[in-house]
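# Residue-level structure breakdown
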Amino acid sequence: DLEDFAAAHAHAQAHTSRVYRHRIVAMEFDIPLALTDLETAPARDGALFPRDVQDVRSMRDAEANELVERLTHDLCDNDPTCVMEQDIFDRAYVCVRDFHGLSAVARIRLCDALCSNLSVLSSAAHTMLAAGAGADGADAVASHREALKCYSTLIFHLAKGADADAANAGAAPPAEDPKAKGKKGSKSKAAPLAEWKWDEQRERVLHVMSGVLDVDLWNLFRPRQPPEAFLTMFTSLACAAMESQTALRSKVTKASAFDMLGACALKWGQLENVTTSLVHLLNKHEHLPGPIAECAAAAADRHENARLAASLLREVGNVDPAEYKRQQLSDAVGVRCVGVFISELAERMPKTTMTNISLLLPHLDGEAYSLRSSLVTVLGHLVCSDVSSGALDRDQDRTTSDANAPLLRAKQGFLDLLVDRVHDVSAFTRARVLQTWALMAEKKAVPLSHWLVVADLGIGRLGDKAALVRKAAMNLLATMLGFNPFAPTLPSAAFADSLAEYEAKLKAMAPPKTTTEDDGDAFEKQMPETIDEGDEAEDADEPDAEQGAEGAEGAEGAEGAEEPEERPVAGDADAAPELDGGVEAVRTMVAALKTALGFAVQMGGAVSVLCRLLASSTPSDAIEAAGLLVRLKQFGVDGADEGARRMLGLVFSRDQSVRDAAVEAVDVLFLAGAESPVAAAEGLARVAAASALGELAALEEVLKLLVSDGRVPADGAVIKALWAQAGDRASHEASRAAALTVLSMFAARTPEIIGGARLVAVAAALDGACQTRKTSNPALARAAAAVLARARPGGNAGTPESLGVCAPALPPDHPAFAALARVLSPSSPLPGRGWYPCAEQAIAALYALHPDPEGVAADVVRSFAVAAFPANGGAGGAEGNEGKGDAVASRIDAAHLARFLFVLGEVGLRHLVHVEGLARAVRRARVNRDRKAAENAEAAAAKGKDNSEEAALAAALGQGSVSEDLHLDNSRELAEAELLAFKAAKNVGKGIVAAYAPVVVALCGHPAIAEGHALLRGAALAALSRLMAIDGAFCEDHLALIFTRLRGESDRGTRAALMVALGDLAFRFPNALEPWTEHLYGLREWGNSLHDPDAGVRQHAVTVLAHLVLNDMMKVKGHIAEMARCLEDPDPRVASVARLLFHELSRKHGNPIYNLLPDLLSRLSGDAALAPDAFQRIMTRLLGFIDKDRQTEALADKFTNRFAEAALASTPKPARDVAFCLSQLALGDKAFRKFMEQWKLYEPALYDKEVYSALCGVVAKAKKSYGSKSKSADGGDAARVQVEEFEAKMQAAHVERYESWRTQRRAEGHVFDDDYEERLKAAEREAEAAAAREAKEEEEEEEDEHPLGPLKAQEEEADEADEADEDADEDADEEEEEEEESSASNASLSALAAATTSTPTPASPSPRATRPGGGFSGSKSSSKNAASFKTPETPESVESAAE
């Protein structure tokens, strides 16, 4: 029974399948535009459309899931063509249409079923078409074709709906069924059984759909072509996938989309549609330029056809450049995407891009800068590619070089375009050009013929106004350094020596001069060009040149080196074949060495420019310049050492990134980049030895940061190497001194590196440097004393880290004090000026190491006093000699006296610092004790002890600390009084420094000192300034003396030092210096510091004043104009400090420059010594700091109100200055409206052309912005009309005022330059009158010959005279009419506009009017005066005189 049932079932199933196939063949599927269009009954018979349409959205989840389940079961169990059955199609249609209403599980099942059947159907169709159709082939092909169309349509609309859902839900697709909300029994926190993830399903959908295009659609749809609607679905599906950035992250999705687009475009005839779709996407999405270029390249690789890439290039290249300009102004995304696309495509497909480059080059002159920038990158890729290189393979025949000649010419043209485009008006394009050159240098695509040109372009762009371009230029130079084809180091001296040697060798190898000498010279001239042309060709010349250049340093002993192998050179194959390549190789080496030498010299010249960029206010400039200087230093470029030292100053920058760049640079150059710790120590020592004082301070700060970061441990190898170098007696003393200097810098952060045996070694080095005058070394002595001064920071006051606990002092018999005594001795062997810095560090070491620094310092002062005043030494002698100035002066040794004054002032300052440090240490210890007491009290209160509340209350009230603070302050004041009691007080002993204070004052006021040696005079003034810094009363008493000496000082060094000292006094006692502010600013009658003839003094003065102003220690109002004048100082250092001052002022709260501008305008405008152009430059810079609308409006109102007073001035300069300042402001709508309302204030000043021109600039700015914030278009048009009417009103007023002013000035006798034409006309009239007189005289001579006698002649003369009078009257009437017409025309608007563009010619005066100073009149004497007025001898005047 079972077997019979199975056989019957199989027979029935076969019959059903035959009937089913018959029904399917009879049905056809029409692809709709929208899926719901299928519900409309087709007009023709046999078309498949849904008949039983259900609403899945109204179903319950169970019913919908059951519907999908039955559908997937039928699709999977039957033939793939079963979808054409009406029942299955109806269910598939409603499920796809209402796909959004399905649950996650149903969606997954439906998508899997459709994709599986389509995959099987595609494979079956491909196999059937490949095997060929049989008898029933037509029906089978038709059934497969219609089923394929049906599946593709359903899956396409399914994907379209899924994309819409994902777009509506954002980045996260719906994770749960929306119908689950509100249903009873549902658990909100329960996780769904399956989650719908469209990104994962999309991979399978696109993969299956791309497989459909692998079927032979031409045979499948025969005899018709594949329908465009069918292929459009694949294009749309791929484009939709490319619009999603998430989809493109999947390799499967991206590859499938690329395959579909490539197949549709290149295989199935949809090139135009695909191109249009891709260009649309390209202009719409910013993430697609790269993928579209990759798609075109992938299509070309798979189908071996580049038509898609070429079509895309033609599509974007045929756009009008004006259209790209419009897009750039409105929405720059599209233009930018197009530019990125062509650059990406040029990198992937250079051959195709080269073929279509003629379509792109016209856009290089367009106004869309982003497209120009991309085209520059395209040119760089083409030059770098093998297609444009024109290189010849070594095995290729030489005759094929003619085919590459166009490519070589195209490459040369591209290089020329890149060179020219570096001057583009857009900073972005200029930066892109430099980046392209850097890319070409990295890929070794820059020929040697252009190497120096490119380097010169990069160095020139270091001064570009755009920071982006400057950064790109520095990056280009760094890349050229790293990939230079010459040598690992670039010292110019080595290249010059090698070049001289090879030139001599070439000269020796030259053949003897024959009759073909001219031909040989021509060959030598042509040889560099031949090498340049063959640079990029992969011949042997460039490798030989590189190999020779890299060995240039050691080329002196390489004469016996092996000669390079002979290879043919392009364009010169037949030259000197008998020399076996020797001459060619040497010539190649000479050419390479010349280029290398030029490149090294260029890099050395760029160091000074980079040093200027280090001071730039733009952080990127300083950071990139520091990085490039590091590269230059590593390559050994000339001058790089100085640049590296200048770079150290960046550590004081306010920008953290700039400070980090300085620290990293030092780390790379001297620590991490050193070959060994010994090399690192030597490098640091060399830098310290060559650095100036400011550079040493910067290096110390950098080393402190390196120690803090742990990069240089205290017991590390670098520190040990420095100690070894400092203790090596066999090495040079300068290197030992440098090593000790670096150790003192490290000791500032880690003083523990100095101690024990090392301290004794330093003392021995100091003692050895001060043995005899011949063997003494001041540099080594100073460095050793500096190390000793850092051994115990804070001295007896301790350090902040020790919290008031003093480190143990050295015993008095320590060898260090004996060494210090050699320095601090009147008979010290240290010579001359070298003793002073050593003594300064020695006194500092004395206060740091000695247990009783007060006593030992007093002994030192007494010893120098005895040496300075041999007759009566000590304090008593100083008091007794106050009235014997001349006698004492005759016995004084200037050298000993100068040293005594220096030691006295230094000891006074050090002792003051010592006392204050002790007071801080005691207070710090007390604060710590109180803190611990409070903690103990809190702990006791927590334990519940009885006295805890009283202790806490006493601690809170500070009962113990108040009395201790009072006692501490009294002790500190008493200690300072002992030092500072210049006048003996009660119960106060007179200090050693105070005992000699009268001597210092007497010396500074003594005529012999004032007129004596500059060293002694400077020492006396320095001692006086230091003593003034100790006591406020003493400072006030002697300020007049020091300012008097400053005014009469002749030595520029002393003047500069006094300015620094006055700055310190202003910080110390600002109230005492406040009455002397004018003198401190250096007005012309006092001090003259800011106007000093020496640039160094001016620099010190402006630096000191800048510090005082920026630290709010000095008032600026009323005197800031003196600083503003320094902006135009001829010395760039002074001007840079002044610029920095105003820049920092603008960054302070409230922008003080805003409040200072009115006063600055008044003072600078009234300064007759300041040129107008200098005034304009100063005010332009200062007004550039005003960036707030409120401040701009207030300043515009203040400036406009000044016109009332400026218009009354005797000269137009005040009005011109006010108008210029007003024109530099960017007035908003409110400010410009108020400016128009204040018309009466500046209308009287419109007679001046400069004032009118400046105010026209204000109106021109308003035309662009006035009314732009109006929400309606009518409001903007009305504002524009209002500005134009105001402009016409101002033009009319200018012409009227100008003519009135000219008339007035003419009445005063002033002659204008444009009166030349009137003078010329007067000379012509005088010449005509003279000719008339001559004619009259001739007529009088002919009177006797008249036939009617003299009477008739007189009558004729009378008639002629009457006619002449009538003609004169008519001429006068005509002139009056012309004058009236001229005045009437001047009132018209056209004449007003003409008057503004050219110098107006005033109306001719009346013939009867008289004018003082030789004006024209109707009398004879007036005409004679007019005729006698000399005019320039122009050709016209000569001809009129001849007539």
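Nothing here was measured: the structure is a model prediction, and the numbers come from that model. (Residues numbered from 1 in each chain as written. Predicted model: local features only at pLDDT ≥ 70, side-chain atom pairs only at ≥ 80, totals over all residues. Heavy atoms only, no water.)

## A word on the overall build of the chain
Summing up its helical and strand segments, the chain has 69 helices and zero strands in all. Here the chain, with 1443 residues, has 46% of them falling under the buried criterion. Taking as baseline every contact in the chain between residues at least 6 positions apart, the subset at least 24 positions apart corresponds to 73%. Within the structure as shown, the chain displays about 71600 Å² of accessible surface, and the carbon and sulfur contribution to it stands at 52%. (Helix = DSSP H or I, 4+ residues; strand = E, 2+ residues; numbered from the N terminus. Buried < 20%, exposed > 50% of the residue type's maximum accessible area, 1.4 Å probe, protein only. Contact = heavy atoms within 4.5 Å. Areas by Shrake-Rupley, 256 points an atom, 1.4 Å probe, with all protein chains shown as cover.)

## Examining helix H63 (residues 1249–1265)
Over its 17 residues, H63 extends 25 Å from the first C-alpha to the last, a length consistent with the 24 Å expected when each residue adds 1.5 Å. Within H63, burial applies to Val1251, Tyr1252, Ala1254, Leu1255, Val1258, Val1259 and Ala1262. The arc that holds the buried residues of H63, viewed along the axis, is 165 degrees, so those residues lie on one side. (Expected span 1.5 Å × (residues − 1). Arc of directions from axis to C-beta.)

## Notes on the packing of helix H13 (residues 307–317) against helix H15 (residues 332–348)
Geometry of a packed helix pair, given as the angle between the helix axes and the separation of the axes. Between H13 and H15, the least distance of the axes is 11 Å, while the angle of their chain directions is 145 degrees. H15 is crossed by H13, and the crossing has left-handed handedness. Contacts between H13 and H15 involve Ala309, Leu312, Leu313 and Val316 on the former and, on the latter, Val338, Phe341, Ile342 and Leu345. (Axes fitted to C-alpha atoms, helices over the stretch in contact; angles between N-to-C directions. Left-handed = near helix turned anticlockwise from the far one by under 90°.)

## Digging into a nonpolar patch on the surface
On the surface, a cluster of nonpolar side chains totalling about 280 Å² of accessible area is made up of Tyr369, Phe428 and Leu468. Inspection of the secondary structure puts Phe428 in helix H21 (residues 427–442). Among the residues examined, Phe428 registers a relative accessible area of 48% and is labelled partly exposed. (Patch = residues over 30% accessible without salt bridge, like charges linked within 9 Å, V, L, I, M, F, W, Y side chains within 5 Å. Salt bridge = Lys/Arg side-chain N within 4 Å of Asp/Glu carboxyl O.)

## Quick look at the pattern of salt bridges
Side-chain pairs of opposite charge can arise where the charged atoms are in close proximity. Counted according to the given criterion, the structure contains 57 salt bridges. Measuring nitrogen to oxygen at the nearest pair gives 3.7 Å for the salt bridge that ties Glu700 to Lys704. Of the two residues, Glu700 and Lys704 are both situated in helix H32 (residues 693–708); the distance of four residues between them amounts to about one turn of the helix. Taking the relative accessible area as the measure of exposure, Glu700 reaches 16% and is therefore buried. One salt-bridge network, held together by shared partners, links Glu39, Asp55, Arg57, Arg97 and Asp98.

## A closer look at the environment of Pro751
By the secondary structure assignment, Pro751 is in the loop between helix H34 (733–747) and helix H35 (757–768). Between the alpha carbons of Pro751 and Arg790 there is a distance of 6.5 Å; along the sequence they are 39 residues apart. Every residue in contact with Pro751, bar those within four places of it in the chain, is listed here: Arg790, Ala791 and Pro793.

## What to know about the environment of Lys1264
Within the element layout of this structure, Lys1264 appears in helix H63. Judged by relative accessible area, Lys1264 falls into the exposed class, the value being 75%. Spatially, the C-alpha atom of Lys1264 lies 8.8 Å from that of Arg1280, the residues being 16 residues apart in sequence.

## A few points about the confidence of the model for the chain
When pLDDT is averaged along the chain, the result is 77, and 74% of the positions lie at 70 or above. For residues 171–191, every residue scores under 50 in pLDDT, and the model assigns this stretch 16 contacts once sequence neighbours within four places are set aside. This model gives residues 873–885 a pLDDT under 50, and the stretch forms 15 contacts once residues within four places in sequence are excluded. (pLDDT = per-residue confidence, 0-100.)

## What about the packing of aromatic side chains?
Taken as a whole and assessed by the stated rule, the structure comprises 27 aromatic pairs. Both rings, one in Tyr836 and one in Phe902, keep their centres 5.3 Å apart while their planes meet at 85 degrees; by these two values the pair is edge-to-face. Of this pair, Tyr836 sits in helix H38 (residues 835–849) while Phe902 sits in helix H42 (residues 894–943), and the two are 66 residues apart along the sequence. As far as burial versus exposure is concerned, Tyr836 and Phe902 are alike and both buried. What links up through ring pairs into an aromatic cluster is the set Phe1203, Phe1232, Phe1235, Trp1239, Tyr1242 and Phe1286. Here the guanidinium or amino end of Arg107 rests over the ring plane of Phe99, the centre of that ring lying 5.3 Å away. Between the NZ or CZ atom of Lys1213 and the centre of the ring of Phe1175, over which it lies, the distance is 5.5 Å. (Phe/Tyr/Trp six-rings, centres within 6.5 Å; stacked < 30°, edge-to-face > 60°. Lys NZ or Arg CZ within 6 Å of the ring centre and 35° of its normal.)

## Observations concerning helix H11 (residues 271–284)
With 14 residues, H11 extends 20 Å from end C-alpha to end C-alpha; this agrees with the ideal 20 Å at 1.5 Å per step. Those residues of H11 lying buried are Leu271, Val274, Thr275, Leu278, Val279, Leu281 and Leu282. The buried residues of H11 occupy one face: seen down the axis, they fall within an arc of 160 degrees. Buried positions along H11 lie against helix H8 (228–243), helix H10 (251–266), helix H12 (289–303), H13 and H15.

## Notes on unusual backbone geometry
For Lys444, which is not a glycine, the phi torsion comes out positive at approximately 55 degrees. One non-glycine residue with positive phi stands out, namely Asp1112, at about 60 degrees. By secondary structure assignment, the location of Asp1112 is in the loop between helix H53 (1095–1110) and helix H54 (1120–1125).

## Structural notes on the environment of Leu669
Mapped onto the fold, Leu669 is located in helix H30 (residues 656–671). Considering only alpha carbons, one finds Leu669 and Gly683, 14 residues apart in sequence, at a separation of 8.3 Å. Setting aside its immediate chain neighbours within four residues, Leu669 contacts Val630, Lys633, Gln634, Ala644 and Met647.

## Digging into the packing of helix H28 (residues 619–634) against H30
The N-to-C vectors of H28 and H30 enclose an angle of 5 degrees; their axes lie 9 Å apart at closest approach. Here H30 runs roughly parallel to H28, going by the angle between their axes. Of H30, the residues touching H28 (which contributes Pro619, Ala622, Ile623, Val630, Lys633 and Gln634) are Ser657, Val658, Ala661, Ala665, Val668 and Leu669. (Parallel < 35°, antiparallel > 145°, perpendicular 65-115°, else oblique.)

## Quick notes on the nonpolar core
Residues Trp437, Phe900 and Phe1232 are the most contacted members of the largest nonpolar core, which totals 386 residues. Broken down by element, the residue count for this core peaks at 15 residues, all from helix H27 (residues 582–613). The residues touching Trp437, leaving out its near neighbours within four places in the chain, are Leu415, Leu418, Val419, Val446, Val454, Leu457 and Leu476. (Core = buried A, V, L, I, M, F, W, Y, C linked by side-chain atoms within 4.5 Å.)

## Comments concerning the side chain of Thr72
Assignment of secondary structure puts Thr72 in helix H2 (residues 61–77). Within the local environment of Thr72, its side chain forms a polar contact with the backbone oxygen of Glu69, the two atoms lying 2.9 Å apart. In this view, Thr72 contacts Arg109, Leu110 and Ala113; residues no more than four positions away in its chain are not counted. (Polar contact = N/O pair within 3.5 Å; in protein donor to acceptor, adjacent residues only side chain to side chain.)

## Focus: the side chain of Glu695
Along the polypeptide, Glu695 turns up in helix H32. Filtering out sequence-adjacent residues up to four positions away, Glu695 remains in contact with Arg645, Arg646, Leu648 and Ala690.

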